[in-house]
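Remarks on the overall topology
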Amino acid sequence: MKAVLCKAFGPAESLVLEDVASPEPKKNEVLLQVHAAGVNFPDTLIIEGKYQFKPPFPFSPGGEAAGVVGAVGEKVTHVKPGDRVMALTGWGSFAEEVAVPGYNVMPIPDGMDFASAAAFGMTYGTSMHALKQRANLQAGETLLVLGASGGVGLAAVEIGKAMGAKVIAAASSEAKLEVAKAAGADVLINYSEGSLKDKLKQITGGQGVDVIYDPVGGDLFEEAFRSIAWNGRMLVVGFASGTIPSLPANLTLLKGASLVGVFWGSFAQRQPQDNAANFQQLFAWFAEGKIKPLVSQTYPLEQAADAINHLGQRKAVGKVVVTVR
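Computed from a predicted model, the values in this text were never measured in an experiment.

What follows covers unusual backbone geometry. A cis geometry characterises the amide bond from F57 onward to P58, with omega recorded as -15°. For P58, the location among the structural elements is in the loop between helix 1 (41–46) and strand 4 (64–72). For N231, which is not glycine, the phi torsion reads 65° and is therefore positive. For N231, the position within the fold is in strand 12 (residues 228–236).

The next point concerns the pairing of strand 15 (residues 319–323). Across the five residues that make up strand 15, a large majority, four, are buried. Two elements, strand 3 (residues 29–39) and strand 15, share four bridges in a ladder whose sense is antiparallel. Along strand 15, the bridge assignment pairs A36 with T323. Relative to strand 15, strand 14 (residues 295–300) runs parallel, the two sharing five bridges. Residue pairing across strands places T298 opposite V321, the latter belonging to strand 15. A crossover connection joins strand 14 to the parallel strand 15 through helix 11 (residues 304–312); in handedness this β-α-β unit is right-handed.

Mapped onto the present numbering, the UniProt feature "domain: Enoyl reductase (ER)" (unreviewed entry) falls on residues 10–322. The straight-line gap between the two end C-alpha atoms of residues 10–322 is 20 Å; of that span, 31% is helix and 26% is strand.

Take the sheet that holds strand 11 (residues 209–214) next. Strand order in this open sheet of six strands is 10-9-8-11-12-13, and the pairing throughout is parallel. Two strands close off the open sheet at either side, each with one partner strand: strand 10 (187–190) and strand 13 (258–261). Between one strand and the next, the sheet's axes are offset by a mean angle of 20°, whatever the strand orientation. Here helix 4 (residues 151–162) sits on the sheet and contacts strand 8 (142–146), strand 9 (166–171) and strand 11; the angle it forms with strand 8, its principal contact strand, is near 170°.

Here S116 lies in helix 2 (residues 114–118). Sequence-distant contacts of S116, that is, excluding residues within four places in its chain, are made with P293 and V295.

What the rule picks out here adds up to nine aromatic pairs. Ring plane angle 65° and centroid distance 4.8 Å describe the contact between F9 and F57, whose orientation is recorded as edge-to-face. On the criterion of sequence distance, the pair formed by F9 in the loop between strand 1 (2–5) and strand 2 (16–19) and F57 in the loop between helix 1 and strand 4 is long-range, its members being 48 residues apart. Residue F57 is classed as partly exposed on the basis of its relative accessible area of 40%. Considering the side-chain rings of F120 and F283, the 5.6 Å spacing of their centres and the 35° angle between planes classify their relative orientation as tilted. Here F120, found in the loop between helix 2 and helix 3 (121–134), pairs with F283, found in helix 10 (residues 272–287); they are 163 residues apart in sequence, far enough to count as distant.

Reading the values: rules and limits
- Residues numbered from 1 in each chain as written.
- Predicted model: local features only at pLDDT ≥ 70, side-chain atom pairs only at ≥ 80, totals over all residues.
- Heavy atoms only, no water.
- Helix = DSSP H or I, 4+ residues; strand = E, 2+ residues; numbered from the N terminus.
- Buried < 20%, exposed > 50% of the residue type's maximum accessible area, 1.4 Å probe, protein only.
- Pairing = 2+ DSSP bridges.
- Right-handed = clockwise from strand over helix to strand, strands pointing away.
- UniProt positions renumbered as here; feature names shortened; annotations may be inferred.
- Axes fitted to C-alpha atoms, helices over the stretch in contact; angles between N-to-C directions.
- Contact = heavy atoms within 4.5 Å.
- Phe/Tyr/Trp six-rings, centres within 6.5 Å; stacked < 30°, edge-to-face > 60°.

Given below as structure tokens:
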């Protein structure tokens, strides 16, 4: 089979496409024949040795995929060969086949194509966990989404609306804000123009924002927190800006607010039943048309490096997908 390989830590240009042996699924694994693989921010980090996990060389990047079950280990009973499934792999998805633990494989719901399924798991799983378990977002509350045109940001906009919140989408350009508006955002903020804090004060009548969803980090982190409401919750989702911010601890005291970490991957491992319930709700919203992954760019497997660079340069809106078959 063909696979995109990382043989040493470095930029995306150092990746190579080679023929390698097909994996043999273990007793608890599924052999997935990959049709499409999602591209996510961790892919930009893992190939440079900057991610919390460092697979042994050579490895293929790609943390999620969708395709058809080719074979199953003897302990796998919930899917069978020929089933259409989506999978969370951690790495290995930029290949024609990948072996995945059975507990990370789910059937694709009716009406969802492979590209959308490859773009679904990580972004919607993260945003659902963030807003439900970590923020306990309530109907009628105000939700601010930073980086609202990206994969997890757009998912947060859609999920926030489905949960009954008033959604304020913030992004760096008018074009990106139009994408967030199409996803259902109620209010738009271009944070490249003027003070984010002043705009939020005006929008909320001085009350502040109940929940802040931040996958970006960087300079706006503290400014956003200074705009939080009493008993507000700020969700630390990621650092797409490349800068991990710090925050004066006295601000949490003065605001009576919480700074809440979001690590969906660990949640899915530690609380699999809660994660499964989250996805049942997400699939129901998908069937109702309340959420729909935006796949804005697709690349063939041989151009996987271009796909990673496109995402890493923060040019993408929605999700970038590598098509394999």
